[in-house]
Amino acid sequence: MFDPKAFVQEKIDELMTKIPEKAIIACSGGVDSTVAAVLVDRAIGQRLLTVYVDTGLMRKGETDYVRGMFDKLGVHYKLVDAREEFFDSLEGVTEPEKKRKIIGERFIRVFEREAKIFGAKHLVQGTIAPDWIESGDDLRDTIKSHHNVGGLPKEMALTLVEPLWDLYKDEVRLVARYLGVEVSERQPFPGPALAIRVMGEASRESVDVVRDACAIVEDELEKAADQGKMVLPWQYFAVLLPVQSVGVQGDRRAYGRTIAIRSVESIDGMTAAFSRIPYDVLERISLRITNEMKANINRVVYDVTHKPPATIEWE
Ligand code: XMP
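Just so you know, the residues in each chain are numbered from 1, in the order the chain's sequence is written. Under the rules for a predicted model, residues below a pLDDT of 70 receive no local features and side-chain atom pairs below 80 are neither given nor counted, while totals for whole chains, interfaces and linings still include all residues. Heavy atoms from the whole structure form the basis of all side-chain values; hydrogens and water molecules are not counted.

## Focus: the domain arrangement of the chain
To keep it simple, the criterion reads: Domain delimitation follows an automatic or database domain assignment. What makes two residues a contact is simply this: any of their non-hydrogen atoms within 4.5 Å. Buried area is understood as the total, over both parts, of accessible area removed when two parts are fitted together, assessed with a 1.4 Å probe.
In terms of domain boundaries, the chain breaks down into domain 1 (4-185) and domain 2 (197-302). For domain 1 and domain 2, the distance between their C-alpha centres works out to 28 Å. Counting from both sides, the interface comprises 21 residues of domain 1 and, opposite them, 15 residues of domain 2. Surface buried jointly by domain 1 and domain 2 totals about 1,500 Å² across both partners, of which 54% is contributed by carbon and sulfur atoms.

Put into structure tokens, the structure is as follows:
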């Protein structure tokens, strides 16, 4: 039986000896990296700089939310605006593994820069077991390169420290609750962020579209859960498909884009089942996406596939 209290004590002791100098941590504001930041903060205090990178690929309002959370946690942090460099490096790239590798590499270049300014030699990451299991190695097939594992460049000037390496998501949440971290119940969000929820090129425009659609899906499902219509799913979001289809607007033919809704139940992300969302909730989401968004969306579909054979994200 996993014991979060014993884990925290053991890790803090280990981190105190493992990180003798300054370190920076890559923190996205998600459960994993925030738990890692709090653990290392407890071990080395102000010798740790918590770095949040605004890649331009984050959810609506995320940067402001993360700033507020860091203020409450009292960690020593810096927000880096890297939106232009991420979009520039993703220009014209459509292949999912290539997108992941580029994002992994960009993150590392930003962290190397920040580490140099701060004088850190170590980079802490919130990598958890499913990240490296799915990224593959000599024995395992690569399902997808999680940006913080298989997406890392070969040449790297920083020593990696990954205190959550052996944990699964449900165990990370136990540690988060034990540490009183407010994001403990937040749904998972992938490191490559909205770039892997746009099928094809993650341009500024397409990311804006999927960001708005994700916000509607989150808003409606959270409302439905608050009203007791359903239990909040494990993970829920929208995907922008590279498919156009014929529709009708007023009395005119329309040729518009397609959004897929993805919502799943899972324990640790290794397997998942699609959520049985009530039809009236799906209808609200569909109406809002087609009516409110100025993005020429004329079709909304619901993904009814389990993992396996699908994965949770579409890329
Ligand atoms: P998949 O799509 O592999 O996702 O079934 C399993 C869980 O992992 C998240 N995910 C990622 N998390 N870096 C992360 O930190 C990544 O590159 C990444 N890719 C997927 C996904 O959102 C789901 O919760």
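## Thoughts on the site of the ligand
Using the following cut-off: In this text, near means that some heavy atom of the residue lies within 4 Å of the molecule or strand in question. Under the rule applied, a polar contact is a pair of N or O atoms within 3.5 Å (in protein, one hydrogen donor and one hydrogen acceptor; residues adjacent in sequence only if both atoms are side-chain atoms). Reported accessibility uses the Shrake-Rupley method at a 1.4 Å probe radius. Residues are deemed covered only where the shown protein chains occlude them.
The local shell around the ligand holds 16 residues, among which Glu134, Lys144, Gln235, Lys307 and Glu313 are the closest. At 2.6 Å from an oxygen atom of the ligand is found a side-chain nitrogen or oxygen belonging to glutamate 134. Taking glutamine 235, its side chain carries an N or O atom lying 2.7 Å from an oxygen atom of the ligand. Considered on its own, the ligand offers 490 Å² of accessible surface; in the complex 92% of this is hidden by protein.

## Focus: the nonpolar core
Test applied: The nonpolar core is taken to be a set of buried Ala, Val, Leu, Ile, Met, Phe, Trp, Tyr and Cys residues, with the residues joined through side-chain atoms within 4.5 Å. Buried means the residue's accessible area, taken with a 1.4 Å probe over protein chains only, is under 20% of the maximum for its type, while exposed means over 50%, and partly exposed covers the values in between.
In this structure, Ile24, Val35, Leu39, Leu57, Phe111 and Leu164 are the most contacted members of the largest nonpolar core, which totals 94 residues. If you count residues domain by domain, this core takes at least three from each of domain 1 (4-185) and domain 2 (197-302). Leaving out residues up to four positions away in the same chain, leucine 39 has contacts with Phe7, Val8, Lys11, Ile12, Leu15, Pro163, Leu164 and Leu179.

## Some points on the environment of valine 217
Note the cut-off: A helix here means a DSSP run of H or I that spans at least four residues, while a strand means a run of E at least two residues long, and both kinds are numbered starting from the N terminus.
Inspection of the secondary structure puts valine 217 in helix α8 (residues 204-226). Taking the C-alpha atoms as reference points, valine 217 and arginine 262, 45 residues apart in sequence, are found 9.0 Å from one another. Setting aside chain neighbours within four positions, we find valine 217 in contact with Tyr236, Phe237, Ala238, Ile261 and Ile285.

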